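Listed here are the chains, written in short residue letters.
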Amino acid sequence: MSQSESAVQQTKHAALGLTDEQVLEMYKVMVTARRYDERCLLLQRAGKIKFHVSGIGQEAAQVGAAFALDREQDYYLPYYRDYAFVLSVGMTLRELMLCLFSKVDDPNSGGRQMPGHFGSKRLRIVTGSSPVTTQVPHAVGFALAAKMKRKDFVTFVTFGDGSSNQGDFHEGANMAGVHKLPVIFMCENNQYAISVPLHKQVGGQIADRAIGYGFPGVAVDGNDPLEVYRVMKEARARAASGEGPTLVETVMYRLSPHSTSDEDLAYRTKEEVDANRDKDGIPKFRQYLIDCGIWNEEREAEMLQEIKAALDDATKFGEQAPFPEPEDILYHVYAGDDEGRGGH
Amino acid sequence: MPKMDYIDAIRLAMKEEMERDEDVFVLGEDVGYKGGVFTTTKGLLDQFGEERVLDTPLAESAIVGTAIGAAMYGMRPIAEMQYSDFMFPATNQIISEAAKIRYRSNNDWNCPLVIRAPIGGGIFGGLYHSQCPESVFFGTPGLKIVAPYTPYDAKGLLKAAVRDPDPVIYFENKKCYKLVNGDVPEEDYTVPIGKANVLREGDDITVISYSLPLHFIMEAAAELEEEGITAHVLDLRSLQPLDKEGLLAAARRTGKVLIVHEDNKFGGIGGEVSAIIAEEMLYELDAPIMRLCGPDVPAMPINPPGEKFFMLNKDKVKEAMKRLAVY
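Procedures and definitions
- Just so you know, the residues in each chain are numbered from 1, in the order the chain's sequence is written.
- Chains carry letters from A onward and ligands carry numbers from 1 onward, assigned in written order.
- Per-residue local features are limited, in this predicted model, to residues with pLDDT of at least 70; the limit for side-chain atom pairs, both in listing and counting, is 80 or more; totals at the level of whole chains, interfaces and linings are taken over all residues.
- Note: side-chain values were computed over all heavy atoms of the structure, leaving out hydrogens and water.
- In plain words, nonpolar cores are sets of buried Ala, Val, Leu, Ile, Met, Phe, Trp, Tyr and Cys residues tied together by side-chain atoms within 4.5 Å.
- Only protein chains enter the area calculation, which uses a 1.4 Å probe; residues under 20% of their type maximum are buried, those over 50% are exposed, and those in between are partly exposed.
- For helices the rule is a DSSP run of H or I covering at least 4 residues; for strands it is a run of E covering at least 2, with both sets numbered from the N terminus onward.
- Domain start and stop positions are those given by an automatic or database domain assignment.
- Should any heavy atoms of two residues lie within 4.5 Å, those residues are counted as being in contact.
- When two parts are put together, the accessible area they lose, computed with a 1.4 Å probe and summed over both, is reported as buried area.
- One speaks of a salt bridge when a side-chain nitrogen belonging to Lys or Arg is within 4 Å of a carboxyl oxygen belonging to Asp or Glu.
- Distance and chemistry together define a polar contact, namely a pair of N or O atoms within 3.5 Å, with one atom able to donate a hydrogen and the other to accept it when in protein, and with adjacent residues in sequence counting only for side-chain atoms on both sides.
- Polarity classes work like this: nonpolar for Ala, Val, Leu, Ile, Met, Phe, Trp, Tyr, Cys and Pro, charged for Asp, Glu, Lys and Arg, and polar for all others, with Gly in that last group.
- UniProt positions are given in the numbering used here, feature names are shortened, and annotations may be inferred rather than shown by experiment.
- As a rule, the C-alpha atoms of each element are fitted with a line to give its axis, helices using only the stretch in contact, and angles between N-to-C directions run from 0 to 180 degrees.
- Each angle is binned into one of four classes, with values under 35 degrees roughly parallel, values over 145 roughly antiparallel, values of 65 to 115 roughly perpendicular, and all other values oblique.
- Crossing chirality is assigned from the near helix's rotation relative to the far helix, an anticlockwise turn below a right angle marking it left-handed and a clockwise turn marking it right-handed.
- Strands pair, by our definition, only if DSSP identifies at least two bridges between them.

Overview of the nonpolar core
So, point 1. With 83 residues, the main nonpolar core has Phe185(A), Leu113(B), Leu236(B), Leu247(B) and Ile277(B) as its most contacted residues.
So, point 2. For this core, the element with the most residues is helix α7 (residues 135–148) of chain A, which contributes nine residues.
So, point 3. A domain split of this core shows at least three residues from each of domain 1 (3–183) and domain 2 (197–325) of chain B.
So, point 4. Excluding residues within four positions of it along the chain, Leu113(B) makes contact with Val64(B), Ala67(B), Ile68(B), Ala71(B), Pro77(B), Ala79(B), Ala98(B), Asp166(B), Pro167(B) and Val168(B).

What follows is the structure, encoded as structure tokens:
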């Protein structure tokens, strides 16, 4: 297809080793996640679901990171805004909708946890919780297991800028630094911990914290999926070759309120949000693809149609799926406590 | 049958489990070259190497959190908390994470983790080297909690904990390490988690306890027998799940129940044991349920008179047993 064109002048993504198909796929996942997120907000406002926590504005970084990993074997510990990430590693819209509607077949938790609390052994997405940053030491534990068992996988964990202040970030990062473990810490610095802005959260630069733990920290424009991809690719190579962890701080802006329970204009202005909307990674990446000559309005319209159809299908699927049985809550406290019980 | 100290039984259990399964490993502060501050892991590094006997940074949440991650991958970590007094930084990892991993993932993930933590005083450890924190974790569904008293149980329960598919807190009593000596079979065995054990049969009073106080109770029971009072002594061994049937059977045996633990009385395990008995067999009781526990102060002091006042001993236990017997 565009091989002859890119042969004339190598595109940025080609220089990074990404094919045209791959960057188009990245773009499609970014837009799918955005549309999914917008649909969730609508469904919540319509009273169809209880709660949604948004990842709008963070898709570029998540997709850039996911595509730099080995999606055949790496382990992931995403946090609650990582819709684009989990879509990149194989979770389907139907599965996300089952989760959103808290239905019995939700692969993440069987309708037990709030949406956005991912987990799927099949996809090597490690179950997460709401107390933030607890997943960081877990990621270090997976990386320790990789080292002990001489496995090639790398562990990838994400968290927000607020989380970078939790002890578990520091304890986990230090443990990984001491043992040079194959783990990548990715902070999605969206400038807010609910309402508290970055300057009231962090005294220095988050990326710099890595220095104290003996490994590199890199800050990168989180609205640029190719930059994130490049940095993550290097981080993965370091991890895989036994050089240890890397901290990647992806800098972006949380365009949505913290969650559907948050009124964000109580602590920030519309002007600030709008100014950041102009930096949104999705339209910028679309323009990049158009400039590369591999994307156009016609294909965009086609893709949006396709995403809409998939979302409509998934929404209907999620809405119509059954809830768990009430007494389901009694099971899986311990192994085998559901023995002798039929059905789910 | 060989006799050994409680601490040696714990060490032997780890050694044998590490020999049996290469996924079993120990991690914690000073567990490696030093062999633990109490020598509990002494010799393990020489046999298994520093990767499987891992000296960690001084950071309890990372010790437990890392162990949780490794356990979810499929390893069988034994995380050592140097003193149970220092495990509170890891409480979020234990209660919010380990205890809920199977449940929150709807049985997709599990966390076969053992957390070993020395409890108890009487060693001039002051406020922060003497505590019994059982009640902090007790009542957290998803956790199992064991607290052995005999060397036999120390070994068998630790092996059962290592093989258990769910997280187990193993409260070992540091005063028991060298004080309690007993038979430990050479062959491989486990002690089932969730089963209490009758240490001594008797018909006048029932004493329900766990860990170190059983040492005093058994001494007192021997003396009381000479005075014509026979005590039925039940070692709970597992605090969670509690052996409801076992404790009810023990209570029924005499109709008079004394519950003893070193952890302070208010909010302690004795309250739950007592409630179970009251719910199930109030009218079979011949006396009010009695409890003998540590006083409701934050922790015991280092000064000898104060520590002695806090700690249980044979005389205190004997007096309480006698009081119940004559009720």
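Having put the structure on the table, let's press on.
Some points on the interface of chain A and chain B
So, point 1. Taken together, the contact between chain A and chain B spans 44 residues of the former and 44 residues of the latter.
So, point 2. For the pairing of chain A and chain B, the buried interface totals around 3,600 Å² over both sides, and the portion due to carbon and sulfur atoms is 62%.
So, point 3. Of all residues in chain A, Lys121(A), Met148(A) and Tyr334(A) give up the largest surface area on contact with chain B, accounting jointly for 19% of the area buried on that side.
So, point 4. The interface formed by chain A and chain B holds three salt bridges in total.
So, point 5. Between chain A and chain B we count 21 residue pairs in polar contact (both at pLDDT 80 or more) in total.
So, point 6. Sorting the residues of the side of chain A that touches chain B by element identifies α7 and α8 (167–179) of chain A as the ones contributing at least two each.
So, point 7. Ranked by the residues each element gives to the side of chain A that touches chain B, the list is headed by α7(A), at nine residues.
So, point 8. The class makeup of the residues in the side of chain A that touches chain B is 20 nonpolar, 16 polar and eight charged.

So, the UniProt feature "domain: Dehydrogenase E1 component" (unreviewed entry) in chain A
So, point 1. The UniProt record annotates "domain: Dehydrogenase E1 component" (unreviewed entry) at residues 27–327 of chain A.
So, point 2. When the span residues 27–327 of chain A is considered, its composition is 43% helix and 10% strand, and the gap between its end C-alpha atoms is 42 Å.

Concerning the packing of helix α3 (residues 20–45) of chain A against helix α4 (residues 59–68) of chain A
All names here are of chain A.
So, point 1. Here α3 crosses α4 at 140°, and the two axes come no closer than 9 Å. Taken as axis vectors, α3 and α4 run oblique relative to one another. Judged by the twist between their axes, the crossing of α3 over α4 is right-handed. Between α3 and α4, the contacting residues are Gln22, Glu25, Met26, Val29, Met30, Ala33 and Arg34 on the first element and Glu59, Ala60, Val63, Gly64 and Phe67 on the second.

Let's talk about the UniProt feature "domain: Transketolase-like pyrimidine-binding" (unreviewed entry) in chain B
So, point 1. The residues that UniProt annotates with the feature "domain: Transketolase-like pyrimidine-binding" (unreviewed entry) are residues 4–179 of chain B.
So, point 2. As a span, residues 4–179 of chain B carries 38% helix and 17% strand, and end to end its C-alpha atoms are 11 Å apart.

Brief notes about the sheet that holds strand β4 (residues 76–80) of chain B
Residue and element names in this part refer to chain B.
So, point 1. Strand order in the open sheet made by the seven strands is β3-β2-β4-β5-β7-β6-β12, with mixed pairing throughout. Two strands in the sheet have a free side with no partner beyond their single neighbour: β3 (53–55) and β12 (238–240). Neighbour-to-neighbour, the strand axes of this sheet turn through a mean angle of 20°, independent of strand direction.
So, point 2. Where strand β6 (residues 144–146) lies against β12, two bridges are found, and the strand directions are antiparallel. By the bridge assignment for β12, valine 146 is matched with serine 238.
So, point 3. Here helix α3 (residues 60–73) sits on the sheet and contacts β2 (24–28), β4 and β5 (114–119); the angle it forms with β4, its principal contact strand, is near 170°.

Overview of the pattern of salt bridges
So, point 1. For the structure shown, the criterion picks out 48 salt bridges over all chains.
So, point 2. Here Glu227(A) and Arg230(A) are joined by a salt bridge, their closest N and O atoms 2.9 Å apart. Linking Glu227(A) with Arg230(A), this pair stays in helix α9 (residues 225–240), spanning three residues, or about one helical turn.
So, point 3. The class of Arg230(A) is partly exposed, set by a relative accessible area of 31%.
So, point 4. The closest approach of N and O atoms between Glu284(B) and Arg252(B), which form a salt bridge, is 2.8 Å. Within this pair, whereas Glu284(B) is found in the loop between α11 (269–281) and β14 (290–294), its partner Arg252(B) is found in helix α10 (residues 244–254), the two being separated by 32 residues in sequence.
So, point 5. Salt bridges here are not isolated pairs; linked through shared partners, they connect Glu16(B), Glu17(B), Arg20(B), Lys155(B), Lys159(B), Arg163(B) and Asp188(B).

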